[in-house]
Amino acid sequence: MGARSLLFQILISQISNVSKTNAFTSVTSNVKFRQIQSLKQQRSINNARRRQHQHVITRLFTSSGATSQHETDVKYMQLALSHARLGHGRTYPNPAVGCVLVNSRNEIIGEGFHPRAGMPHAEVFALFEAANHVTSGVTAAKSVMLSSSISQHGEDNVANVVDSLLTTYISEGGSKKLFHDCCPGVTAYVTLEPCCHYGKTPPCAAAFVDAGVTRVVVGYRDPNPKVDGGGVKLLEDNNIRVDFIGGDDEKDCGAAVENFVLRISSDVIDYESLMNGKKRVALRKICGGKKSGGDMPTVVLRSVEAGLPDARFFEEVDAKLWREEMVLLRLKDAVPKKKDAKMLGETVAGELNAHVAQVVGRTVLLYRPGNPPRLDLNALTAVGHDL
């Protein structure tokens, strides 16, 4: 074979190899292109499914495919109410309240509830979360539900953070330090009108002002004379729009604070003029009959802290007195002697605006007329009346 012929064959071979390489590269590129297109298509399908799923969820709260403002308000108020119920039975003498904060993009940025007296209110726990002081306002509230002192928290870091935040919050200018403009464009949903007075903690309505909240939806107006529309006025005076939820949702929010409302709206009873020996005897006979029938309302106290029962005990006794007007307190596990039971019974009665009708051993019979009263003691003690 001549040199020219050999050179020609080598050239042809190289051209063939280049063609194969280009073909392989082309195939590989086509495969990658199809893979990328497939991923894009799948991503598009997944996004469509998410939108469809979100649409289905949204339709639970919509009419004709579009969410009305009222339906949105109802949704978040019901969520706030579910948080309020977490504190139910533990907040005496305060009401159980829940709060949800929602930004202009309809995203929840803060949630909370009132865990116990002396601790921040529901609005403040929600603001703790909105201002990024805690990860979850609800979790933070739960962490201090049972104890309020740092020594009792031990290694609970969340509870210790709450203690530190509370110290700042109740200090002068503390609300502004913690919450200044953390909620622009935010709507707050609160099951009870925000307070406007200073108690153990500053007013929640003022905290909303400091945070820059735009709108507040209230579940139920607070009948407490210290509030009773004052919270609404404070908010509106600072250009915050206030709406009431109304309808069945307002009734639900009212039911959550029913006993608190009865306590606030009932007059102090003068038992010196109301009660006498005959009436006490009548109550004891009714109690005896209920005990025989097994339907006498009873509360057992297991222990006391610093000489007083806890909030749960007072909540339970208070609720049963509103429903039944009489309740037996069994105190044998909490006090060593009968005289101690009498003293503790009188303390509980004084706290709950009730009357000690009888003390037998370490069992105390309490009486308090309902609002309105169910038992007519004058009729029960009338001449010829047979108990």
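What you see is a predicted model; the values in this text were computed from it and never measured.

Caption draft 1: Representation of a positive patch on the surface within the structure. Together, K291, R330, K332 and R362 give the surface a local cluster of positive charge. Looking at where R330 falls in the secondary structure, it is placed in strand β7 (residues 326–330).

Caption draft 2: A look at helix α11 (residues 258–265). Among the residues of α11, N259, F260, V261, L262 and R263 are the ones counted as buried. Buried residues belonging to α11 abut α14 (311–324).

Caption draft 3: Quick look at the confidence of the model for the protein chain. Chain-level statistics for the protein chain give a pLDDT mean of 84 and a share of 79% at 70 or above. Here residues 3–8 is modelled with pLDDT under 50, and outside its nearest four sequence neighbours on either side it reaches 1 contact, counting other chains as well. Segment residues 15–66: pLDDT under 50, and 11 contacts once partners within four positions in sequence are set aside and those in other chains are kept.

Caption draft 4: Highlighting the pattern of salt bridges. Applying the stated rule across the entire model yields 14 salt bridges. Close ionic contact of D73 with R215 constitutes a salt bridge, the shortest N to O distance being 2.6 Å. Here the residue D73 occupies a position in helix α2 (residues 69–84), and R215 occupies one in strand β4 (residues 215–218), the gap between them amounting to 142 residues. Assessed through its relative accessible area of 5%, D73 is described here as buried. By relative accessible area, R215 is classed as buried at 8%. The shortest N-O distance in the salt bridge between D243 and R241 comes to 2.8 Å. Relative accessible area serves as the criterion here: at 51%, R241 is assigned to the exposed category. Three or more residues are tied together by salt bridges with common partners; here these are D73, R215, R241 and D243.

Definitions and limits used
Per chain, the residues get numbers from 1 upward, laid out in the order the sequence is written. The model is predicted, so local features are restricted to residues of pLDDT at least 70 and side-chain atom pairs to those at 80 or more, both for listing and for counting; the totals for chains, interfaces and linings are taken over all residues. With hydrogens and water set aside, each side-chain value is computed from the structure's full complement of heavy atoms. Patch rule: a residue counts if its relative accessible area is over 30% and it has no salt bridge; like charges are joined within 9 Å, and nonpolar side chains (Val, Leu, Ile, Met, Phe, Trp, Tyr) within 5 Å. Working definition of accessibility: Shrake-Rupley area with a 1.4 Å probe, residue cover restricted to the visible protein chains. Salt-bridge detection follows one rule: a side-chain nitrogen of Lys or Arg within 4 Å of a carboxyl oxygen of Asp or Glu. We count Lys and Arg on the positive side and Asp and Glu on the negative side, and we leave His and both chain ends out. To locate a charge, the coordinates of NZ of Lys, CZ of Arg, CG of Asp or CD of Glu are taken. In this text, helices come from DSSP runs of H or I with a minimum length of four residues, and strands from runs of E with a minimum of two, each type numbered from the N-terminal end. Buried, partly exposed and exposed residues are distinguished by accessible area as a fraction of the type maximum, computed with a 1.4 Å probe on protein chains only: under 20%, between the cut-offs, and over 50%, respectively. Any two residues whose heavy atoms approach within 4.5 Å at even a single point are treated as in contact. pLDDT is defined as a per-residue confidence score from the predictor, taking values between 0 and 100.

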